[in-house]
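# Overview (structure and organization)
Residues per chain, in single letters:
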Amino acid sequence: MFYFLVVIAVLLLGYAAVLVSFVRKGRRIPPAAYLGLAALNGLILAAVLAWAIARG
């Protein structure tokens, strides 16, 4: 489970880096990008909660 969290966190950081590069180039971030960011954050939150509950 820990490795899954690390992989998701790396994906989230990479996705955020892409969005930051969009902003630096003066482009607008598409609305669908916010949904992707929210989905990754929700996945991390759900995994952390499941991991915490499983550990007791």
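It should be noted that the structure appears before, not after, this text.
This text gives an overview of the structure that appears in the document. A quick note: this is a predicted structure, and the numbers were derived from the prediction, not measured. (Residues numbered from 1 in each chain as written. Predicted model: local features only at pLDDT ≥ 70, side-chain atom pairs only at ≥ 80, totals over all residues. Heavy atoms only, no water.)

### Overview of the overall build of the protein
- Tallying secondary structure elements over the protein gives 2 helices and 0 strands in all.
- Taking 56 residues into account, the globule formula puts the C-alpha radius of gyration at 10 Å, and the protein, at 14 Å, lies well above it.
- Dimensions of the protein, computed from C-alpha atoms along their principal axes, come out at roughly 45 × 20 × 10 Å.
- Residues counted as buried form 14% of the 56 residues belonging to the protein.
- In the structure as shown, the protein presents an accessible area of about 4400 Å², 75% of it carried by carbon and sulfur atoms. (Helix = DSSP H or I, 4+ residues; strand = E, 2+ residues; numbered from the N terminus. Rg over C-alpha atoms; globule rule 2.2 N^0.38 Å. Buried < 20%, exposed > 50% of the residue type's maximum accessible area, 1.4 Å probe, protein only. Areas by Shrake-Rupley, 256 points an atom, 1.4 Å probe, with all protein chains shown as cover.)

### A few points about the environment of Leu-12
- Structurally, the position occupied by Leu-12 is in helix H1 (residues 2–24).
- Considered as a pair, Leu-12 and Leu-43 are 31 residues apart in the sequence and their alpha carbons are 10 Å apart.

### Notes on the environment of Ala-38
- Position of Ala-38 among the secondary structure elements: in helix H2 (residues 31–55).
- With a relative accessible area of 47%, Ala-38 lands in the partly exposed category.
- Taking C-alpha positions, Ala-38 is 9.9 Å from Leu-12, a pair spaced 26 residues apart along the chain.

### As for a nonpolar patch on the surface
- Judged by side-chain polarity, Met-1, Phe-2, Tyr-3, Phe-4, Val-6, Val-10, Leu-43 and Trp-51 come together as a nonpolar surface patch covering roughly 820 Å² of accessible area.
- Counting only elements with at least two residues in the nonpolar patch, the list comes to H1 and H2.
- Looking at the nonpolar patch element by element, the count peaks at 5 residues for H1.
- Within the secondary structure, Met-1 sits in the segment before H1. (Patch = residues over 30% accessible without salt bridge, like charges linked within 9 Å, V, L, I, M, F, W, Y side chains within 5 Å. Salt bridge = Lys/Arg side-chain N within 4 Å of Asp/Glu carboxyl O.)

None of the figures reported here should be taken as evidence of function without further support.
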